[in-house]
Amino acid sequence: MAHTLPEHPAKLWRNPEPKRSYDVVIIGGGGHGLATAYYLASEHGIRNIAVLEKGWLAGGNMARNTTIIRSNYLWDESAAIYEHALKLWERWPDELDYDFLFSQRGVLNLAHSLQDVRDSVRRVSANKLNGVDAEWVDPDEVAKICPILNTSHDTRYPVLGATWQPRAGIAKHDHVAWALARRCDQLGVDLVQNCEVTGFLKDGDRVVGVQTERGPIRAGRVGMAAAGYSSVLAEAAGFRLPVQSHPLQALVSELLEPVHPTVVMSNHVHVYVSQAHKGELVLGAGIDAYNSYTQRGSVHTIEHQMAAAIELFPIFASAHVLRTWGGIVDVCPDASPIIGPSPLEGLFVNCGWGTGGFKATPGVGSVFAHTIAMGKAHPLAEPYGLERFTTGALIDEHGAAGVAH
Amino acid sequence: MTANSERLPEGGRIDRTKPLRATVDGIEILGYRGDTVASAMLANGIRTVAPSLYRSRPRGILGAGNEEPNALVRVERRGSSPMLPATTVELTEGLPVHTLSGIGALEPNSEAKDLDTRFAHTDVLVVGGGPTGLAAALAASEGDARVLLLDDQPELGGALLRGTDAELLDWAGGAAELLRARPEVTVVSRCTAFGYYDENYLLAVERGETLDRQRLWKIRAHHVVLATGANERPIVFAGNDLPGVMLADATRAYVNRYAALPGSEAVIATTNDTAYEAALDLAAAGVSVRAIVDSRAEPPEDLAAMACQAGIEVLADCVVAEATGTDSVAAVRIVRFEQPRRTVRTIRADLLAVSGGWSPDVGLFSQSGGKLRWNETLAAFLPEHSRQRQHIAGAARGRYGFARCVADGRFAGVSAAESCGYPAPDSPLRPGISERATRVETEQRPVWIVPAETGKPAEWREHFVDLQRDATVADIARACGAGMRSPEHIKRYTTIGTGSDQGRTSGLTAVGVLAWLRGMGSPGALGTTSFRAPAVPVSFELLAGRDTGKLLDPVRTTPIHPAHRELGAEFENVGQWKRPWYYAREGEGMHEAVLRECAAARTGVAMMDASTLGKIDLIGPDAGEFLNRLYTNGFKKLAIGSARYGVMCGCDGMVFDDGVVLRLSENHYTLTTTTGGAAGVLDWFEEWLQTEWIELDVWATSVTEQWSTVAVVGPRSREVIGAIAPELAVSNAEFPFMTVRETVLGNGIPARIVRVSFSGELAYEVNVANWHGLAAWREIERAGAGFGITPYGTETMHVLRAEKGFPIVGQDTDGTVTPIDLGMDWIVSKRKDFIGKRSLSRPDTARADRKQLVGLLPDEHGTLIPEGSQLIGEHTPVTPEVAPVPMLGHVTSSYHSAALGRTFALALLRSGRERIGQTVRTPVGDRLVSATVTEPIFYDKEGARRDG
Amino acid sequence: MLLIECPWCGQREETEFRYGGQAHVDYPSAPAETGDTEWAEFLFYRDNPAGPFAERWMHAAGCRRWFNAVRDTRTNEFLGVYRIGEGQPA
Amino acid sequence: MTASLLRTSPLGEREAEFAASGMDIREAGFRAMVNVRVDSASAAADAIGIALGVPLPVVPNTVCGGERAAVWLGPDEWLIYGADGDTPRITALATEALGPVSGSVLDLSANRTTIEISGARAREVLAKGCALDLHPRVFGEGHCAQTLIGKTQVLLWQYGNAPDYRILVRASFANYLADWLLDAAASGW
Ligand SMILES: Cc1cc2nc3c(=O)[nH]c(=O)nc-3n(C[C@H](O)[C@H](O)[C@H](O)COP(=O)(O)OP(=O)(O)OC[C@H]3O[C@@H](n4cnc5c(N)ncnc54)[C@H](O)[C@@H]3O)c2cc1C
Ligand SMILES: NC(=O)c1ccc[n+]([C@@H]2O[C@H](COP(=O)([O-])OP(=O)(O)OC[C@H]3O[C@@H](n4cnc5c(N)ncnc54)[C@H](O)[C@@H]3O)[C@@H](O)[C@H]2O)c1
Ligand SMILES: Cc1cc2nc3c(=O)[nH]c(=O)nc-3n(C[C@H](O)[C@H](O)[C@H](O)COP(=O)(O)O)c2cc1C
Ligand SMILES: [Zn+2]
């Protein structure tokens, strides 16, 4: 009946005091920071690394996301990096030797208008040519994949079909973080919690370390993976980033016997939902329009979310909301991330993943580690540099890919 | 056990004149109005609930309110609910209850419920109707303030209801009566505040007596008084999850409030004064109370004396080390508090009432942004600092004792009313009562955990911390050993506090155990995990409110809608609008209907409802200048009475909307927008006018729904227009293309007729006041009948415009397309500046190899390439398994054309204009289909048809 | 759920408003003479402080006026609202 | 003359449902509604008020006048509301009074329809979907507000003390609002 969660390893990490200096300092102990440190240590032979986290490890968006993993993005640049990530996800349970409940149960992205249908077909068509598993499925097939979904014609916005990526799915977010943290720790990386970076040590235009709550720490290179706080750090370093920080909320129900076999996302009606292993329904809400660092959003967003959920899944009506929460997501004008060198030598940025960076965790790790180690953008990261805002070569995932979760 | 066997013969606040029957797991139980499912179960001798979720351990009822972690039930009918604590469900006639092991089940067809939502405003909101809340509400409403009092119980009185003090209960009854009599006071029982948001915005759920009635309150309060009371906490020892282990105050509730016996032989374990009351009340109810186990070396003398009088032994400086028994508590082993923990005694008992101290209920306070601080004396986190206009009072801030609570509540109430500008006249709450002496509690000796005598904490798997999550000290120890230090990590590693009770009985205990494991003096330095809404679980449907089914999103229709329905139109959702998609006749599918509709427009005459187009009037001397700045082309010099097509870009140079602008007089323009873009364009205009170009003298007003528009299209449209507008000179010379005429139709309706064409054919748009829309439609239908006038929908409109190569914003563009990409260089002014112009010369935007709008003619004339299909080069190998296949663009529009007798498409194609004449390919199903790239115009390239 | 004070209509629920991002971002006076970098700044770069933030709102379901507000993004607390053209309160 | 007989109002078909709702609720179709925009401090604003016989209110969210009324919409925007057929007169008077001054006078009579709802339960039913505080201390006769009811924008105006409210709603949203009000009125709560 109840799914018993796997037991965690008896040893996860040390709690070291920070050293005076490291070869590489990563700011931010979320999924991205940890994955970057992991690849720096495991693939680039750099072992003298610290990950500095201002709170508790992976307590930012990593602790708050709805864990959807997929790679069916529209543009070539996106498909390339997300598919790279998905392939790594498929390897990670073994590689990290940790059962983090990676479940390739597939993702349906629903189409509710003729334009949704065009956009969906466009994305599926591109996915296929990019080697991403994707299909367009009609309402009958949708109903087969997810029988509790209301696919009748007399709803306000009937389901006209969906894109279906079978290899997509979910994973247990916290466990992923701990799996990475454990590996980092084993590879000698210092994971330092309660250590907020408050400024940068500079030598001219070159960053040579960071100032922290716990004193200065020198570093050969510094990588930023601070998600919602990226602008604050950039400001401390003396440059600006084209990102805005918004609340993004999610919620869970009580534990329920399995009813929902896959992941369903609807851009139009604004729902995305899966049923996690323990049995709780996990639903993401829409992003709040205003900037905020409060880690909570407005409740009308949740109300709207509930109405949409019931419209698509009538059976959810009597389920209960157990807990709501919010994260701080940093959003770029084109809904695509920024990965690459910063205007300052020795400082590299990874930010702007907005509402959809959990799925990219392994991809970011490998690409950002490479970028830091080599001192220049990894080929998959090249299109994601800051220059694109000047040239106009944006990777606009707004229009065509819908919600980016 | 027999029905009602454990019901006390008298007392309690149940209504013995209202007997009820219900079933628990199919077994019939008897109860009374005023019972909860849990109290009725106890009264019927049911002390065991469903086994635990992961370890299948027997479990019983632990609490008497929403702190309950074990006694979860599913209710089938009457507002079926997948999972609720039995301690909060009122017993009603015929209720079918099933006990649950911590996991609920959803039912497909739950019965309809009576759900409602309401907004409420108040000067003072008081949450909690115990002594504190009652005092606060009374004081706050002495003056003119509007006061709203919420309490989650069916009856006001709070903690008093669990006691037996008649005088205090009378006081509460009187207070409630007084409050209800005051005109500006609203008292809502059975109503739980569950969310506390910015600016004193609170959500609360009000329940009916039955589960199928619920109402969501959305409250804005000027000032809030939180009088939410305190929660008792358990103590962690071996076997503390056995049925028969209960919170001490809950046992009081059962005997005093519900007249139900939770056991027959009891041991009390406590760290503080309050459990003595439980002991005395149990004894008075006939329970044999065998001992009070008090962690303190010197329990207060008066209490000890009272216990002694009641024949209860007090074991001071002792703690319970273990509860034993197979299916429920059979015996309790008691040890010395101080090391070595020598066993003092083992006592036979079927009830172990535990009080590990009290935690003020600070959930809402914390949600509101309030800060907490550890208080060593009370061994609790207390409110320290408010962030909103609020008071927290009484037990909720660690003020215990009736008199102190009343005084605290009163102070909060007076201050709250004052802060709203309604000073309360000073009048005592009721003579006598506030002077009543209540004993002040002496110190407590907190016990978070009673360690086992053997083994390591990581092995103590029977020391339960979170009963619902089946999590133990061993789990916490393991997390700690793995390197975790923060309560937030412990929570996630052990899942403590993540159950439906959100850790009401386990959250702080876990922190206490963690502090103990880490050798810290108190949990103070560790802090709590965060409190989040909802404070109690609330159903999805409650939060959704009315916005479901047909009220999910407004359905917008035009005044002509009844005619479309009569004609059997199939509708398309366009934004919130329902627009006719096509009008299939008997035996036709969409394909046939569209071919017929297209043919009518190209060869005869056809009509469509174009009312959903956005319409904006611009009035003022600078209207022309304003248009010039926003559109890529010029409008300042547009002749009065003339029309011009225009495109707008965002600042980034990407096409954002298009439409036709008419100049009605020197200072008056009116323009159309796309259906979906109407609101956005008005916003856009107003933003520039109000925030950037305040010097411009222009007034923008939406007139979208002032007007209804019927397009009359086709070679014979002039004749139809002539027939409906007898006063109008309709010849090409007198009413040329792109001009506008005001006239009165033959039936008396004033109309503004514009000669524009979105199909390439001779065409008119007849605009009339919205309330004349239907009449105008019918008039055109009548006048056109002789010409075979054919109504057509959006699909035909799309085909007709695509044959002419007119793009649709949002279909042929996607926010990454410039007017140049669309081949509209002719409309992009070189002379003047306009919004977005600068962006067109950015390095990437100026590239020659951008994607450009082109036409496609599939080599097979009957093959329809699906819209959205990606295009690849003629010789590009298709090997996605090996490497991504380079793509050149995609098909944006694709149709069968009646006029061309074949399929055709529009596409955005990399370097498209250069590729005209070349072949591209696209996957269709399992095949690759070839198509020739063409100019994006397929029909009447010369434009000869638009004049008829 | 924010409670926002429209300088004309008074306090209204957030749902009546449209958010407009950072306030006081001027449209470049001579776009054609603006370099690519500066133009990119105007198009895409906005302040994003954790702390007081001068931002724009529009009372969309009400009087439809744009106005400015200073709000602390760490608490969502409004520190003041002011009309377009009025100076930012200290 | 015939033209006015050829009109349809958005809620013309809902009369029976309104009647059966147990509420005092009805559509008041075809009212005159003219949008006037002018600088409130200008002499033209005063002149328009004088010409129309109702001053243009400068206190936000208030209404001046009786059968012909001026409803505040914004600091430089009003809706002149009148009986069916009053539109041409209002338009002519306002246009003339405005004279050469910058401003705008636009007939919007068909843009919205009016729902009138009165009586003891009116306030309570509105409170189910309108976030404004409608307590008589705060929002009484002569008050108006543009706001939301459910998911649609409305102009809400208390014109009598029964209390009586007018809800002006855009034509295409009228049926949604009617559905919403009927649903709210039917609720057992
Ligand atoms: C509600 C919600 C739902 C989401 N759903 C999905 C989804 O379904 N799928 C998906 O792919 N993505 C989803 N996302 C997005 C995803 O969570 C993020 O994109 C991703 O977690 C960001 O990377 P990260 O894990 O490194 O960020 P974080 O976990 O936020 O890590 C950043 C870390 O930096 C730390 N930090 C910040 N400033 C400093 C400083 N000065 N010094 C030291 N440390 C600092 C922070 O404390 C934080 O721990 C969702 C996000 C939210 C909020
Ligand atoms: N250590 C002690 O001595 C101790 C401990 C606890 C209580 N008490 C006694 O209890 C009384 C405390 O009075 P009080 O009024 O402060 O608390 P209370 O517990 O009497 O009343 C609180 C009331 O608020 C309700 N409530 C709680 N959260 C709610 C919510 N979110 N929404 C709606 N209702 C909610 C509760 O159901 C209860 O009815 C005093 O008489 C005190 O002596 C003493
Ligand atoms: C995928 C997922 C599943 C969750 N499941 C639960 C759950 O079953 N019970 C629970 O109380 N919280 C659950 N949470 C929420 C966390 O308790 C917590 O709210 C979240 O990590 C944010 O942290 P915060 O609320 O402490 O700020 C879940 C969170 C996520 C991301
Ligand atoms: Zn306003």
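Since we're looking at a predicted model, the values are computed, not measured.

(A) Examining the overall build of chain A more closely. Assigned secondary structure in chain A consists of 10 helices and 18 strands. Taken over C-alpha atoms, the radius of gyration comes to 21 Å for chain A, in line with the 22 Å a tight globule of 405 residues would show. Taken over the C-alpha atoms alone, chain A extends approximately 65 × 50 × 40 Å along its principal axes. Taking the contacts inside chain A whose residues are at least 6 apart along the sequence as the reference set, 77% of them involve residues at least 24 apart. Accessible surface, chain A: about 11,800 Å² in total, of which carbon and sulfur atoms supply 51%. Of the side-chain charges in chain A, 33 are positive and 42 negative, and the distance between the mean point of each set is 5 Å.

(B) How the structure looks around the overall build of chain B. Across its full length, chain B holds 19 helices and 48 strands. A compact globule built from 948 residues should have a C-alpha radius of gyration of about 30 Å, whereas chain B, at 38 Å, is more than 25% larger. The principal-axis extent of the C-alpha atoms belonging to chain B is close to 115 × 70 × 55 Å. Partitioning the contacts of chain B with sequence separation of at least 6, the portion at a separation of at least 24 is 65%. Summing over all exposed atoms, chain B offers an accessible surface of approximately 32,500 Å²; the carbon and sulfur share of this is 51%. Distance between charge centroids for chain B: 2 Å, based on 100 positive and 118 negative side chains.

(C) Inspection of the packing of aromatic side chains at higher detail. A full pass over the atoms with the stated rule returns 43 aromatic pairs over all chains. Measuring from ring centre to ring centre gives 5.0 Å for Tyr 81 of chain D and Trp 157 of chain D, while their planes differ by 80 degrees; the resulting arrangement is edge-to-face. Within this pair, whereas Tyr 81 of chain D is found in strand E5 (residues 77–82), its partner Trp 157 of chain D is found in strand E9 (residues 152–160), the two being separated by 76 residues in sequence. For Trp 157 of chain D, a relative accessible area of 3% gives the class buried. The positively charged end of Arg 59 of chain B is found above the aromatic ring belonging to Phe 464 of chain B, 4.9 Å away from the centroid. Here the basic side chain of Arg 56 of chain C rests over the ring of Trp 66 of chain C, its NZ or CZ set 4.6 Å away from the ring centre.

(D) Quick look at the interface of chain B and chain A. Taken together, the 91 residues of chain B in the interface contact 77 residues of chain A. Interface area lost by chain B to chain A is led by Leu 106, Arg 532 and Phe 540 of chain B, which between them contribute 13%. Inspection of the chain B/chain A interface yields 5 salt bridges. Ionic pairing is found between Arg 122 of chain A and Asp 814 of chain B, a salt bridge with its closest N-O pair at 2.9 Å. In this assembly, chain B and chain A are joined by 33 residue pairs in polar contact (both at pLDDT 80 or more). Where strand E16 (residues 320–331) of chain A meets strand E29 (residues 538–539) of chain B, 2 bridges bridge the pair, whose relative direction is antiparallel. Paired with Val 321 of chain A across the strands is Val 538 of chain B, a residue of E29 of chain B.

(E) Seen up close, the nonpolar core. Formed by 87 residues in total, the largest nonpolar core has its most connected members in Ile 49, Trp 89, Trp 92, Phe 100, Val 176 and Leu 191 of chain A. When residues no more than four places from it in sequence are discounted, the contact partners of Trp 89 of chain A are Ile 69, Phe 100, Phe 102, Ala 171, Val 176, Phe 358, Lys 359, Thr 361 and Pro 362 of chain A. Of all hydrophobic cores here, the second largest spans 75 residues; its members include Ala 285 and Phe 313 of chain A, Leu 226 of chain B together with Ala 131 of chain D.

(F) Representation of the domain arrangement of chain A in the model. Residue and element names in this part refer to chain A. The assigned domain composition of chain A is domain 1 (16–65 + 173–242 + 333–391) and domain 2 (105–167 + 244–331). Each of domain 1 and domain 2 was reduced to a C-alpha centroid, and the two centroids are 30 Å apart. Across the boundary between the two partners, domain 1 contributes 16 residues, which contact 14 residues of domain 2. Summed over both partners, the interface of domain 1 with domain 2 buries about 1,200 Å², with 50% contributed by carbon and sulfur atoms. Summed over the three residues of domain 1 that lose the most area to domain 2, namely Arg 64, Gly 228 and Thr 355, the buried surface amounts to 41% of that side. Our count for the contact surface shared by domain 1 and domain 2 stands at 0 salt bridges. The tally of links between domain 1 and domain 2 comes to 7 residue pairs in polar contact (both at pLDDT 80 or more). When residues in the side of domain 1 that touches domain 2 are grouped by element, the largest group, 3 residues, is from helix H6 (residues 230–237). Its residues assigned to classes, the side of domain 1 that touches domain 2 shows 7 nonpolar, 8 polar and 1 charged.

(G) Representation of the site of ligand 3. Near ligand 3 there are 17 residues, and of these Ala 63 and Arg 323 of chain A together with Gln 502, Ser 530 and Arg 532 of chain B occur at the shortest range. In this structure, ligand 3 sits where chains A and B come together, each supplying nearby residues. In this structure, Lys 278 of chain A approaches ligand 3 through a side-chain N or O atom, which is 3.1 Å from an oxygen atom. Arg 492 of chain B places a polar side-chain atom, nitrogen or oxygen, 2.8 Å from an oxygen atom of ligand 3. Coverage of ligand 3 by the protein amounts to 96% of the 610 Å² it exposes when considered alone. Sorting the residues of the shell around ligand 3 by element identifies E16 of chain A together with helix H10 (487–494) of chain B as the ones contributing at least two each. Broken down by class, the residue content of the shell around ligand 3 amounts to 3 nonpolar, 6 polar and 8 charged.

(H) Layout of the sheet that holds strand E45 (residues 889–897) of chain B. Residue and element names in this part refer to chain B. On the basis of which strands lie adjacent, the closed barrel formed by 6 strands has the order E43-E46-E45-E44-E47-E48 and antiparallel pairing. Recorded for the sheet is a direction-independent mean angle of 45 degrees between the axes of neighbouring strands. Lying on the sheet, helix H19 (residues 794–803) is in contact with E45 and strand E46 (902–910); it crosses E45 at an angle near 110 degrees.

(I) View of the interface of chain D and chain B. Listed as interface residues are 46 residues of chain D and, on the opposing side, 54 residues of chain B. Note on chain D versus chain B: buried area summed over both sides is about 4,200 Å², and carbon and sulfur give 54% of it. When the area that chain D buries against chain B is broken down by residue, the three leading residues are Arg 137, Ser 172 and Trp 189 of chain D, summing to 19%. Residues Arg 137 of chain D and Asp 123 of chain B are paired through a salt bridge, measuring 3.7 Å at the closest nitrogen-oxygen approach. Seen at the junction of chain D and chain B, the total is 26 residue pairs in polar contact (both at pLDDT 80 or more). Of all elements in the fold, only helix H1 (2–5), strand E2 (32–37), strand E6 (104–107) and helix H6 (174–186) of chain D reach the threshold of two or more residues within the side of chain D that touches chain B.

(J) Structural detail: the coordination of the zinc ion (ligand 4). All names here are of chain C. The zinc ion (ligand 4) binds to the protein through Cys 6 (SG), Cys 9 (SG), His 59 (ND1) and Cys 63 (SG), with metal-donor distances spanning 2.0 to 2.4 Å. Taken together, the 4 donor atoms coordinating the zinc ion (ligand 4) and their angles of 102 to 122 degrees define a geometry best described as tetrahedral. All donors to the zinc ion (ligand 4) come from one chain, and their sequence spacing reads C-x2-C-x49-H-x3-C. Across this residue pair, the class does not change: His 59 and Cys 63 are buried.

(K) Representation of the site of ligand 1 within the structure. All names here are of chain A. The environment of ligand 1 is formed by 38 residues, the closest being Glu 53, Asn 61, Thr 66, Gly 357 and Lys 359. For ligand 1, an oxygen atom lies 2.6 Å from a polar atom in the side chain of Thr 66. Phe 358 places a polar main-chain atom, nitrogen or oxygen, 2.9 Å from an oxygen atom of ligand 1. With the chains in place, 97% of the 990 Å² that ligand 1 exposes on its own is no longer accessible. For the shell around ligand 1, the secondary structure elements donating two or more residues are helix H1 (31–43), strand E12 (244–255) and E16. The greatest single-element share of the shell around ligand 1, amounting to 3 residues, is contributed by E12. Of the residues assigned to the shell around ligand 1, the class counts are 16 nonpolar, 17 polar and 5 charged.

(L) Representation of the sheet that holds E5 of chain D within the structure. All names here are of chain D. Here we have 5 strands laid out as an open sheet, ordered E3-E4-E5-E2-E6, and antiparallel in their pairing. The open sheet has two edge strands with one neighbour each: strand E3 (63–65) and E6. Sheet twist, expressed as the mean angle between neighbouring strand axes with direction ignored, is 20 degrees. In this structure, E2 lies alongside E5, joined through 6 bridges in antiparallel fashion. Each bridged residue has a counterpart across the sheet, and for Ala 32 the counterpart in E5 is Gly 82. Relative to the sheet, helix H4 (residues 87–98) contacts E2, E5 and E6, its axis offset from that of E2 by approximately 15 degrees.

Definitions and cut-offs
- Residues numbered from 1 in each chain as written.
- Chains lettered and ligands numbered in written order.
- Predicted model: local features only at pLDDT ≥ 70, side-chain atom pairs only at ≥ 80, totals over all residues.
- Heavy atoms only, no water.
- Helix = DSSP H or I, 4+ residues; strand = E, 2+ residues; numbered from the N terminus.
- Rg over C-alpha atoms; globule rule 2.2 N^0.38 Å.
- Contact = heavy atoms within 4.5 Å.
- Areas by Shrake-Rupley, 256 points an atom, 1.4 Å probe, with all protein chains shown as cover.
- Lys, Arg positive; Asp, Glu negative; His and termini not counted.
- Charge placed at Lys NZ, Arg CZ, Asp CG, Glu CD.
- Phe/Tyr/Trp six-rings, centres within 6.5 Å; stacked < 30°, edge-to-face > 60°.
- Buried < 20%, exposed > 50% of the residue type's maximum accessible area, 1.4 Å probe, protein only.
- Lys NZ or Arg CZ within 6 Å of the ring centre and 35° of its normal.
- Buried area = accessible area lost by both parts, 1.4 Å probe.
- Salt bridge = Lys/Arg side-chain N within 4 Å of Asp/Glu carboxyl O.
- Polar contact = N/O pair within 3.5 Å; in protein donor to acceptor, adjacent residues only side chain to side chain.
- Pairing = 2+ DSSP bridges.
- Core = buried A, V, L, I, M, F, W, Y, C linked by side-chain atoms within 4.5 Å.
- Domains from an automatic or database assignment.
- Nonpolar A, V, L, I, M, F, W, Y, C, P; charged D, E, K, R; others polar.
- Near = heavy atom within 4 Å.
- Axes fitted to C-alpha atoms, helices over the stretch in contact; angles between N-to-C directions.
- Donors = N, O, S within 2.8 Å, 3.2 Å for Na, K, Ca; no water.
- Tetrahedral: all angles 85-135°; square planar, octahedral: opposite > 155°, others 65-115°.

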